[in-house]
Structure formats: C-alpha cells, structure tokens
Amino acid sequence: MDQFTLNLIVVGASFALYFGIAFWARAGSTAEFYAASQGVPPVMNGMATAADWMSAASFISMAGLIAFGGYNNSVFLMGWTGGYVLLALLLAPYLRKFGKFTVPEFVGDRFYSTSARMVAVICLLVISITYVIGQMVGVGVTFARFLEVSTTTGLLIGSAVVFAYAVFGGMKGITYTQVAQYVVLIIAYTIPALFISLQLTGNFLPQLGLIGGYAPSSTPDDYFLQKLDQVVTELGFAAYTADTTNMFNMFLVTMSLMIGTAGLPHVIIRFFTVPKVSDARTSAGWALVFIALLYTVAPAVGSMARLNITTTFWPGAIEGSAFDKPALSVEEINTNPELSWILNWQKTGLLVFEDKNGDGLIQYFNEPAPLAAANKALGDAKKALADAAADADKAPLEQAVTDATAARDAALAEATLGGKTLAEQGIVGNELTTVNNDIMVLANPEIAKLPGWVIALVAAGALAAALSTAAGLLLAISSAISHDLIKGALKPDISEKGELLWARISMAFAIVLATWLGLDPPGFAAQVVALAFGLAAATIFPVLMMGIFSTRVTKEGAIAGMIVGLITTSVYIFLYLGWFFIPGTNMFPNTPAAHFLGISPAAFGPIGALLNFAVAYIVSGMTKAPPQDVQDLIQSIRVPKGAGAAQAH
C-alpha cells in the first residue's frame, strides 16, 4: 500500500472517531456547551486538559525549536510545564469554587462591573485568536504534506473538520473528543521516538538515549550529544549544548510562558467542568502527568531530528567527520526512494534546496554573517537589473551587480568550511536554503526511514494536537461572545436556546477569522503561540491573581491594569512583528540587536504583567474600596468549605 493511501486511512479513521464522539456527546444546553454540566471526572479532565494544552506548538513546533535552538529553547519546556504548578496552587480550585462558566464572568462579578467583564472579553478574544492562528498553521502544514495539497488547501480542510465537530459538540463533545485525541497524539509522538532512539543510541527510552552513547560510533565513549555538537560545529553552527547568550531574555520568556499558561482562558475553563473544588486541583496534577509524557520526550526528538537531517545531507558525519564524504547529491535526491521525503516537503515550500554552484551537490552549512549579507546584496542587485525597464539606463545597475559580485567573492575567500575556504571549494553559499521548524517532527519518521504506518500515525497525531487545542480555543471565544458579551451585556434576557444559537454562530465566525489569519501567519506555530502567552501573562493572570488574593483592588484598578497590560504588550509585539500581524508593517526588525534591552516580543509578557499589577494597585489606592459583599465573596472563595474559626488550645 502506498504512503498516501495509508495516510488517508489512518487520518480518516481518527476523524471518524472524533465525529462519532462529538455526535454522541453533543451539547443540548448551555451548561453542557460551556462546562459539560460540571460532570467530568478529574482523571479524564486531566487528559482532556493535556490534549487541549498540547497544541500544534507542542506536537509539531516545539521539537523543531529545540532541534535548531538547543539549550536556548528549553524555555518552552520549563515555562509550559511550570505554569501548571501555578494553576494547581493559585487559580484552579478557587475559580472552580466560584462556580461560573467563564473567566470574564468571574472578573465581572469579582470587580462588580460589566465594564470590567467587557475588558476581560476583549483580552480573551485577542489572546485566543492569536493562539488559534498557531493551531491553524499546524493544521495547514500537516494536511499539506500528508494529503499532498497546498498549505492553503490544508488549512481550509482543517477548518472544515473543526467546524464539523466543535460547533455542535460544545464543551461536552469537545471534552470526550479531546480524551481520544490525547491517546492518538501521545502514541503518535512516542512510537517514532522509541524507534529513532534505538537507531541512534541503542536505548529504548528516548529520555535515556538523549544522555546516552552514540550507537553508530565505534568509539565506546562517544556520547550522542557530543556527536551532535561535533557535527553542527563543523558546519559553522553554534554547539547544540551551548549556553544562552541572553540569560535575561531567557528568564523573561520562561516567566511569560509560565504565568501565561496560568492565564490562558481555554485552559482555565477546563477547571469549571469538574464536579468538586478538590477535583480542580487533582485535574491539574493529572494534566501535568499526561503532559510530561510528551514533554520529557521532546528534547530527544528535537536533538535526534537535528542529527538525522544533518547526516542526511552530509553522509560522512554518520561515522566520522562531515567532510569525510561528499555532500548529498541532487541525483540521489531525485532517484533514491528513501529520500523521496525531501522532494515531498519541497512541494510544500517548507524545505527548499538549490544547487547554487552547479556541482550537483547540496552543501548545507551556516553561512557566516558577512557572506550571508554579501549574497543578499548580490541577489538584490541582480533582481533590480532584471526588473529594470527595457529603455532604462542599466549601466549603474550592471555596475552594482559587478560590485556586489566582487564583495561576495571577497567574503568567499574569507569564509572556511572543513579547513578550506569556500572559494577554494567552489562553494558560493548554503544550498539547503529553508528548513522550517514545523517540519522536524512530521518529517522525522521519514528521515529515519521508519515504516509507513508510523509516518501515517504521526500525521494523525499532529492533526489531533492541533484540532484539540483549536476546539478549546474556539469554545473560549464562543462563550466570551455569547455568554459574556451578548447575555452579560447586550441582551441579558436572551433565552437559553437563543444563547446556544449565538454560541454556535460566534464559534463559526471565529473559525473563519482564524482561517483567514492562518493563511499568512506572523511566524511558525510555536512562535505565534508564544505571543499569545505573553498577552495572557500581561492581562488575564494579574487580574485573576488580584481578584482572588486581594480584597482592596477595585473595579477601576482592574480595568486600568488590564488595559495597560494589553496595550503595552500588544504594541511591543506589533512593533517587531507588524501591526495586527500584517506583514511589512513592523517598525523595527525582529532581530536580537534591535530588541529593546534585548527583550524579544515573546518575552515582554512579564513586563506587561508588572505594569498591570502596578497600575491596578495605584488606581485602587485612589478609588473607593470594593463593597463589603464583594469582599465577603473573595473571602468565601479562598476559605475551604466547612472551615471553622481557629480554636485556642
């Protein structure tokens, strides 16, 4: 059976399962649509939360980030797991005891203000829409490769699938579907990792393989990470295990992901679905266990994928130096069936190679910055000459090409690869021009030459990860519009049937918007998701913390804090990634050198959170204290049920 047919069967079977569960558990009331009637057992809720949480960013993109960023990108592992500790200890049980359906509803009641509720709705929509873009990117990438369609077509197919089961299932249908999706995604992620770990390290467990020996080596003391460092540094890349160059930014990104996790609306609403307050904390614990099953494997998947793709293009690196054998030839790419994955991924535009010097080989290495700049200048000069009108004076343009060529040749004479200058070897630049982070997990089984059923399973797992989170986000968006905006402010007397109809209409609208934004995203899946965490860290997390643990913060303080956190963080992100993520509208280049104090857009969340806290407390100190009934409400949320007064002994 060919790979395409196998992909269709496995992916189709998983979709049939999701549709069947969604139809069986479809919501018939607003209580079922928003919170599954608060009847989900904690273990099952933990599994559903893990699926809701482990999105396209976790399944598809995180290992790719680790593959090419090494230690630097371990922030995603630390931040995304640490956030669940904050959730379990500081937020989940208190919000469940409050007993409502949505985060804005808590904000509105706690801060005795419809305006505060509406600001929270705006924050939630901005966060969730930004987050869902990343899921749609993952869906498009996966469908594009495994169904052999364009990324745009893949995105549209994925949107239709989400629409089919999320709009009608609500929280009840989504919960049980997410349990099935978790089982699919964890199996799909783990099985290829086991195979590849055995191949490269001889260890069955990838977690041990990462710190174990390198199996193809004849030297007993040759460790896997040591081998990876040797290969990538030979090609001019930073060592995989190298320390970060900006610890301050790394700390801020970790904090942003951590407190952003604790402030994500689609995760928080999962804790409204359990029967008891104690179940909320238990659910968070189980979610962390289920998440750890994938997150402890991710570093091994990323590092092994990096070594595999590098040794594919430099076969000599498998047992010795990268330069012991010639680089991979174009002829072999075109004729060897085991390398067909390169051509398949090239069709998607996510992996691109070009034989720039015409020697029939694809030399993959890290171009030194002067050479990269010289090659770009030469390309721009040639394009300007080619685009010139027929009657234009081309002498200056031709001279520009000549000058740029001379500058490029000088850079080639300075740059070295394998102990010789690039000029001596006739190499003009890196010829593996694009390797998108989002392909590393999806392509890993093909690179490692694993069986076709494993490849199909990975496709199903990637789609399960993206679709489960997309559904959770769309539900958060839907409930914010129908329950908080329409019922909470615009039409309080709306019937339950009317509210349920608006919930489904708003979810459908959100799917359309997310699809449109996903057509031209501001980055790959994990990048976009990291931005959503920054927004959640700067807006939702502070207002929930102050709402639960402070009786002095007023509605004016909460509103001002959320607005300041949202605006400052959004503006900082837009300055580097474009206004409202529109390409070409950014004011500054998104490069470390251009970042204010070295703070990347994904790291600004904690700064926004500090501004939120500061403004909220300053404004609260200048305004009238909350009413006594609100202060009593806060105390009742914090005190365990049945607790009596302290007794002297």
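The notes below deal with the structure included here.

Thresholds applied
- Residues numbered from 1 in each chain as written.
- Predicted model: local features only at pLDDT ≥ 70, side-chain atom pairs only at ≥ 80, totals over all residues.
- Heavy atoms only, no water.
- Salt bridge = Lys/Arg side-chain N within 4 Å of Asp/Glu carboxyl O.
- Helix = DSSP H or I, 4+ residues; strand = E, 2+ residues; numbered from the N terminus.
- Buried < 20%, exposed > 50% of the residue type's maximum accessible area, 1.4 Å probe, protein only.
- Contact = heavy atoms within 4.5 Å.
- Core = buried A, V, L, I, M, F, W, Y, C linked by side-chain atoms within 4.5 Å.
- Domains from an automatic or database assignment.
- Phe/Tyr/Trp six-rings, centres within 6.5 Å; stacked < 30°, edge-to-face > 60°.
- 1 Å grid on protein atoms, 1.4 Å probe; cavity = no way out; pocket = protein on both sides within 12 Å on 5 of 7 lines; lining within 4 Å.
- Points joined across faces, edges and corners; volume = space filled by probe spheres on them.
- Polar contact = N/O pair within 3.5 Å; in protein donor to acceptor, adjacent residues only side chain to side chain.

This part covers the pattern of salt bridges. Under the definition given, this model contains six salt bridges. Of the charged contacts, one joins Lys376 and Asp380 as a salt bridge, the two residues approaching to 3.0 Å between their closest N and O atoms. One end of the pair is Lys376 and the other is Asp380, both in helix H17 (residues 369-387) and four residues apart, which spans about a single turn. According to the relative accessible area criterion, Asp380 is partly exposed, its value standing at 42%. Between Arg408 and Asp409 there is a salt bridge, with its nearest N and O atoms 3.4 Å apart. For Arg408, a relative accessible area of 13% gives the class buried.

Counting through the fold element by element, Ala560 comes out in helix H25 (residues 555-577). For the pair Ala560 and Thr190, spaced 370 residues apart in sequence, the C-alpha to C-alpha distance is 46 Å. Other than its neighbours up to four places away in sequence, Ala560 contacts Val615 and Val619.

Right, let's talk about the side chain of Thr312 for a bit. Positionally, Thr312 belongs in helix H14 (residues 298-313). Setting aside its immediate chain neighbours within four residues, Thr312 contacts Leu328, Leu339, Trp341, Ile342 and Ile447.

What follows is about the environment of Ala395. Inspection of the secondary structure assignment puts Ala395 in helix H18 (residues 395-414). Residue Ala395 is classed as partly exposed on the basis of its relative accessible area of 46%. Spatially, the C-alpha atoms of Ala395 and Leu385 are 9.4 Å apart, while their sequence positions differ by ten residues.

To continue, consider the nonpolar core. With 198 residues, the main nonpolar core has Trp53, Phe59, Val107, Phe313 and Leu544 as its most contacted residues. The greatest single-element share of this core, amounting to 22 residues, is contributed by helix H21 (residues 452-490). Both domains that meet at this core, namely domain 1 (3-18 + 36-305 + 447-625 + 633-638) and domain 2 (319-437), each give it at least three residues. When residues no more than four places from it in sequence are discounted, the contact partners of Leu544 are Leu91, Leu95, Val103, Phe106, Val107 and Ile268.

Each pair of aromatic rings is reported with the distance of its centres and the angle of its planes. Overall, the coordinates contain eleven aromatic pairs when judged by the stated rule. Pairing Phe195 with Trp453 gives two aromatic rings, centres 6.4 Å apart and planes at 75°, and the pair type is edge-to-face. Of this pair, Phe195 sits in helix H8 (residues 151-201) while Trp453 sits in helix H21, and the two are 258 residues apart along the sequence. Measuring from ring centre to ring centre gives 5.5 Å for Phe237 and Tyr364, while their planes differ by 50°; the resulting arrangement is tilted. Within this pair, whereas Phe237 is found in the loop between helix H10 (224-234) and helix H11 (247-261), its partner Tyr364 is found in the loop between strand S1 (351-353) and H17, the two being separated by 127 residues in sequence.

Before going further, it helps to spend a moment on unusual backbone geometry. Its identity is not glycine, yet Lys449 carries a phi of approximately 60°, on the positive side. With respect to the secondary-structure elements, Lys449 resides in the loop between helix H20 (440-447) and H21. Look at Leu597: it is not a glycine, yet its phi comes out positive at around 55°. As for its placement among the helices and strands, Leu597 is situated in the loop between H25 and helix H26 (605-621).

Counted by the stated rule, this structure contains one cavity of 30 Å³ or more. In this structure, the largest cavity occupies an estimated 70 Å³ of space. Every residue along the wall of the largest cavity is listed here: Ala188, Tyr189, Pro192, Ala193, Ile196, Val301, Val441, Asn444, Pro445 and Val458. With five residues, the top contributor of residues to the lining of the largest cavity is H8.

Quick look at the side chain of Gln363 now. Positionally, Gln363 belongs in the loop between S1 and H17. Take Gln363: its relative accessible area is 5%, and that puts it in the buried class. Among the polar contacts made by the side chain of Gln363, one reaches the side chain of Asp359 at a distance of 2.7 Å. Those residues within four positions of Gln363 in sequence are excluded, and the remaining contacts are Trp314, Ala327, Asn357, Ile427, Gly429, Asn430, Glu431 and Leu432.

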